[in-house]
Amino acid sequence: LSFAERTFLNIERKLAVLARGYHITFDEELVRQRGIMGFFRWAAQTDKVTNELIATFGETRFHLIAGFASLWNGCDYCGYGHLLALNLCIYRDTQQLFAIDEQEVHQMLRLRDSELLAFLDERLGKSHPDFVKLIRRQHDLRVADGPLQGEDKMLVKSIALYEWINECSITVDAPSPPLGPVAKNGELRKRYEAARAEFRKAKAAAQVTQQP
């Protein structure tokens, strides 16, 4: 990158943290591919479509479809960041931990699509059947053509958006920050991280106990 591009990124990252609570670490790749003006156009278009998706699905379901749209593309960075944001939203609204830990992203990426869908059925089939239905529909729209109904057009838009974003984000690795406004809620993040850490500790202890 040129001196001007590096200077721009330093400033943009500080402003992003103030405005959103985080900055994306693939911003360097964006500037490398598109230049500074291209970065602004990319950000404006991304924000526009993201806002449309949130208006349709709500904040929590948006992070669900964004996370899995990224996982279908093999991007652990966005998959992790949106699943973390999803976990934070659910913990904020219910005071309960979601059934999928963001740290399971790499495990999920190793699964075939059919295996990942089966994993979702197992984890969420009873607690969040609406989530399973939504992600199964997103997957169907990704792999096959057919008539569009209800929210299908916006699910197709989510697929296209993350194919576009992941072209650059796939160059960096998880972990990533929560990729949404919930990132600014530092108190929530501390409470969630403490609860999740306790859950992971108890799960690890149970696994050790079960070993022969």
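Coordinates for the structure precede this section.
These numbers were taken from a predicted model, which means no experiment stands behind them. (Residues numbered from 1 in each chain as written. Predicted model: local features only at pLDDT ≥ 70, side-chain atom pairs only at ≥ 80, totals over all residues. Heavy atoms only, no water.)

1. A closer look at the layout of surface pockets
Going by this rule: In this analysis, the protein atoms alone were mapped onto a 1 Å grid. Cavities are point sets where a 1.4 Å probe fits without being able to get out; pockets are open sets with protein on both sides within 12 Å along at least five of seven lines; lining residues have an atom within 4 Å of a point. Grid points are joined across faces, edges and corners, and a volume is the space filled by probe spheres set on the points. Per the convention used, a helix needs a DSSP run of H or I reaching at least four residues, while a strand needs a run of E reaching at least two, with both numbered from the N terminus. Classes in brief: Ala, Val, Leu, Ile, Met, Phe, Trp, Tyr, Cys and Pro nonpolar; Asp, Glu, Lys and Arg charged; the others, Gly included, polar.
Roughly 570 Å³ of volume is contained in the largest pocket. What lines the largest pocket is a set of 24 residues, and nearest its centre among them are Arg-20, Tyr-22, Thr-46, Asp-47 and Thr-50. Residue contributions to the lining of the largest pocket peak at 10 residues, all from helix H2 (residues 27-72). Considering only residue class, the lining of the largest pocket consists of 15 nonpolar, six polar and three charged.

2. Quick word on the environment of Ser-158
Our working rule: Should any heavy atoms of two residues lie within 4.5 Å, those residues are counted as being in contact. Whenever a nitrogen or oxygen atom comes within 3.5 Å of another N or O atom, the pair is scored as a polar contact, on the condition that within protein one atom can donate a hydrogen and the other can accept it, and that pairs from neighbouring residues in sequence are kept only if both atoms are in side chains.
Within the secondary structure, Ser-158 is located in helix H7 (residues 152-169). Residues Ser-158 and Gly-38, spaced 120 residues apart in sequence, show a C-alpha to C-alpha distance of 21 Å. Dropping the residues within four chain positions of it, Ser-158 is found in contact with Leu-53, Ile-65, Ala-69 and Gln-138. Polar side-chain contacts of Ser-158 include one of 2.6 Å to the backbone oxygen of Leu-155.

3. Looking at the packing of aromatic side chains
Threshold: What counts as a ring pair is set by centres within 6.5 Å for rings of Phe, Tyr and Trp (its six-membered ring), and what kind of pair is set by the plane angle: stacked under 30 degrees, edge-to-face over 60, tilted for all other angles. Throughout, exposure labels follow a simple rule: accessible area from a 1.4 Å probe, protein chains only, divided by the maximum for the residue type, with under 20% read as buried, over 50% as exposed, and the rest as partly exposed. Two limits define a charge over a ring: the Lys NZ or Arg CZ must be within 6 Å of the ring centre, and within 35 degrees of the ring normal.
All told, the structure shown has 10 aromatic pairs when counted by the stated rule. With 6.0 Å between their ring centres and 65° between their planes, Tyr-91 and Tyr-192 make a pair best called edge-to-face. In this pair, Tyr-91 is assigned in helix H3 (residues 76-94) and Tyr-192 in helix H8 (residues 186-210), connecting sequence segments 101 residues apart. Note on accessibility: Tyr-91 and Tyr-192 belong to one class, buried. Three or more aromatic residues joined by ring pairs make a cluster, and in this case those are Phe-8, Phe-26, Phe-39, Phe-40, Trp-42, Tyr-77 and Trp-164. The aromatic ring of Tyr-22 is capped on one face by Arg-20, whose charged end is 5.1 Å from the ring centroid.

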